[in-house]
Amino acid sequence: MSHFAKAQWLGFLKAVLKEYRVVIPDVVAAELRNGSTQHRHLESVLEAEWIETVPLESPTELLIYAEYERLMVGPDGRNIGECGALALAETLPNAVAVVDDRVAVKAARDRSVTVRRTLNLLCDAIRSGLLTVPLVSALADDLLQGQYRLPFQPGEFADWCTREGILLE
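Peer 1: Quick question: what am I supposed to make of the pattern of salt bridges here?
Peer 2: Two side chains bearing opposite charge may form a pair once their charged atoms approach each other closely. A full pass over the atoms with the stated rule returns seven salt bridges. In this structure, the salt-bridge partner of E67 is R111, at a minimum N-O distance of 2.7 Å. Here E67, found in helix α5 (residues 59-72), pairs with R111, found in the loop between α7 (102-110) and β4 (115-116); they are 44 residues apart in sequence, far enough to count as distant. D110 is the partner of K106 in a salt bridge, and the nearest nitrogen-oxygen pair spans 2.7 Å. Here D110 and K106 lie together in helix α7, a separation of four residues that amounts to about one turn. Accessibility classification places K106 together with D110 in one group, the exposed group. One continuous salt-bridge network, built from bridges that share partners, spans E67, E90 and R111.

See below:
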C-alpha cells in the first residue's frame, strides 16, 4: 500500500478491494507511522477510512507472528509487516494476505495461508472490467519508478500479460 500511496494510486487500490474488508496489522501501522516522518505519503494509508488497523494481541496471533518472524526477518528488520499480515491472514476467518515479497509468499503457501499478489489483483480488475490495460500499465510504470519490483520493465505490462497468457478481454 505504501508504494501505491507514494505513486498516488491508493484510490485505485481502494476500487480494486472495494468488496473486501481491508485490514492491516498494528505492526504495519507502526512501520507506516515511523516512516511517515520522512515519507509524508505514508500518512495517506493511515488516514484512509477504508483501511482498518487490527492489533495482534491474542496468544495465537502472537505465536504465529513469532513463527513468521523467525522464518523471514533478518538482521535488517525487513519483512516485519509481512509477518503481521500473514499472522492475521492465518487467524482471521476467510482472510487473504496480499503480499508481494517472494519469501513471504513462500512462507504463506508453506503454511496453507491464502495469499494473493497485488499484480494478480490488478489483473483480476482488468478481467472484471474495473480497470483497463493502459491504466494498469501506467500504474505499474509509476510503481516501478518508486522501486517497486515487478516481473517486467516500464512500458512492458501489456507484453508481460501476453507472454503469461493473461486474458485481457
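Resuming the write-up.
Peer 1: Can you walk me through the packing of α5 against helix α6 (residues 80-91) in this structure?
Peer 2: Two packed helices can be described by the angle between their axes and the distance between those axes. One can describe the packing of α5 onto α6 by two numbers: an axis separation of 8 Å at closest approach and a directional angle of 140 degrees. Here α5 is positioned oblique relative to α6, judged by the angle of their axes. The two elements α5 and α6 meet at a crossing, and its hand is right-handed. Along the contact surface, α5 presents T60, E61, I64, Y65, Y68, E69 and M72, while α6 presents I80, E82, C83, G84, L86, A87, L88, E90 and T91.

About the thresholds
- Residues numbered from 1 in each chain as written.
- Predicted model: local features only at pLDDT ≥ 70, side-chain atom pairs only at ≥ 80, totals over all residues.
- Heavy atoms only, no water.
- Salt bridge = Lys/Arg side-chain N within 4 Å of Asp/Glu carboxyl O.
- Helix = DSSP H or I, 4+ residues; strand = E, 2+ residues; numbered from the N terminus.
- Buried < 20%, exposed > 50% of the residue type's maximum accessible area, 1.4 Å probe, protein only.
- Axes fitted to C-alpha atoms, helices over the stretch in contact; angles between N-to-C directions.
- Parallel < 35°, antiparallel > 145°, perpendicular 65-115°, else oblique.
- Left-handed = near helix turned anticlockwise from the far one by under 90°.
- Contact = heavy atoms within 4.5 Å.

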